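As a plain string of letters, each chain reads:
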Amino acid sequence: VESALSRLGKVVRLEAKEDFPERLRQARPDIVFNIAEGFNGVNREAHVPAICEFYGIPYSGSDPFTLTLCLDKARAKETLAFHGIPTPKFLLVEKLADLYRVAEKLTLPLFVKPVHEGSSKGITDSNLCRDRDQLFRQTEFLLENYRQPVLVEEFLPGKEFTCAVLGNGDEATVLPLVAMNFESLPKDALPIYSFDAKFVW
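Per chain, residues are indexed from 1 in the order of the written sequence. Local features in this predicted model are restricted to residues of pLDDT 70 or higher, and side-chain atom pairs are both shown and tallied only at a pLDDT of 80 or more, whereas totals for entire chains, interfaces and linings draw on every residue. The basis for every side-chain value is the complete set of heavy atoms in the structure, and neither hydrogens nor water enter the calculation.

What follows deals with the overall build of the chain. Helix and strand counts for the chain come out as 8 helices and 8 strands. Projected onto its principal axes, the C-alpha positions of the chain cover 55 × 35 × 35 Å. Across the 201 residues in the chain, those meeting the buried criterion constitute 31%. For the chain, the computed accessible surface area is about 13,600 Å², with 54% contributed by carbon and sulfur atoms. Elements are defined by DSSP. Helices are runs of H or I of four residues or more, strands are runs of E of two residues or more, and each kind is numbered from the N terminus. Working definition: with a 1.4 Å probe on protein chains only, accessible area under 20% of the residue-type maximum means buried, over 50% means exposed, and in between means partly exposed. Accessible areas in this description were obtained via Shrake-Rupley with a 1.4 Å probe; residue shielding takes into account the shown protein chains only.

In structure tokens form, the structure reads like this:
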């Protein structure tokens, strides 16, 4: 990234650590090319752009509200549904006892995932639950290991796509759609964009 941007001007690398606000204030860049993920809290991806806004420094990528909303899968799904965009039915589980409501509201198979993670953290083939025993087992595992609520949603099979948007408002450009090639996964792997599919295989 530094090499590509250096063709456009001087690049100053600022790590998003504790001293970032002061180092940003001293550097006063014309624009911040934001690729920070953050370390702590449910608003972690919003920290850098929020600090940029505080100092009035432009930055690339989404604003703090969008980043925070998108890192909360349940709130993001509620927002989509409010605007009439179809999304699989779901429940948010904060403790294992919450799963007893699932049978009344959702239909198997179900997919479970940590509500506040990105980059497919906590997503494995075990997250696709075809029966109650697996649902309870995997939800308990996620609650204990990720220490955050678990999103339980009806599984939506089919092809998976990702799409980037460049720009804002009327000037926004939709970049080409990218489909996940599940045929390149190991023979016994499920066709899901899991952590292993992204970073191991």
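The buried fraction of strand β4 (residues 150-154) is high, at 5 of 5 residues. Whether two strands pair depends on DSSP finding at least two bridges between them. Pairing of strand β1 (residues 90-93) with β4, which is carried by 4 bridges, proceeds in the antiparallel orientation. Within β4, the position partnered with V93 by the bridge is V150. Relative to β4, strand β2 (residues 110-114) is paired through 5 bridges, and the arrangement is antiparallel. From the neighbouring strand, L110 faces β4, where its bridge partner is E154.

A separate point is the sheet that holds β4. Taken together, 4 strands build an open sheet; the order of strands is β1-β4-β2-β3 and the sheet is antiparallel. A strand with exactly one partner marks an edge of an open sheet, and here the two such strands are β1 and β3 (128-129). Across the sheet, helix α7 (residues 132-146) touches β1, β2, β3 and β4, and the angle it forms with β2 is around 10 degrees. We call two residues in contact whenever any of their non-hydrogen atoms come within 4.5 Å of each other. In this analysis an axis means a line fitted to C-alpha atoms, helices contributing only their contacting stretch, and an angle means the value between N-to-C directions, from 0 to 180 degrees.

It is the contact of helix α2 (residues 20-27) with helix α3 (residues 47-55), at a shortest axis distance of 11 Å, that shows an interaxial angle of 45 degrees. The orientation of α2 relative to α3 falls into the category oblique. With respect to the hand of their crossing, α2 and α3 are arranged in right-handed fashion. For the pair α2 and α3, contact is made by F20, P21, L24 and R25 and by V48, I51, C52 and Y55, respectively. When describing relative orientation, an angle under 35 degrees is termed roughly parallel and one over 145 degrees roughly antiparallel, while 65 to 115 degrees is termed roughly perpendicular and anything else oblique. Left-handed describes a crossing in which the near helix is turned anticlockwise from the far one by less than a right angle; the clockwise case is right-handed.

Let's shift gears to the nonpolar core. We call a set of buried Ala, Val, Leu, Ile, Met, Phe, Trp, Tyr and Cys residues a nonpolar core when their side-chain atoms join them within 4.5 Å. Counting 14 residues, the largest nonpolar core has L99, V102, V112, L135 and V152 as the members making the most contacts within it. Among the elements that make up this core, the one with the highest residue count is α7 (4 residues). When sequence neighbours within four positions are dropped, the list of residues in contact with L135 reads L99, V102, L110, V112, C129 and V152. In terms of nonpolar packing, the next biggest core, distinct from the first, is built from 8 residues, F20, V32, V48 and C52 among them.

When a carboxyl oxygen of Asp or Glu is within 4 Å of a side-chain nitrogen of Lys or Arg, the pair counts as a salt bridge. Per the counting criterion, the structure on display carries 9 salt bridges. Ionic contacts of the salt-bridge type, sharing partners, join the residues K77, K113 and E153 into one network.

These figures capture arrangement, not role.
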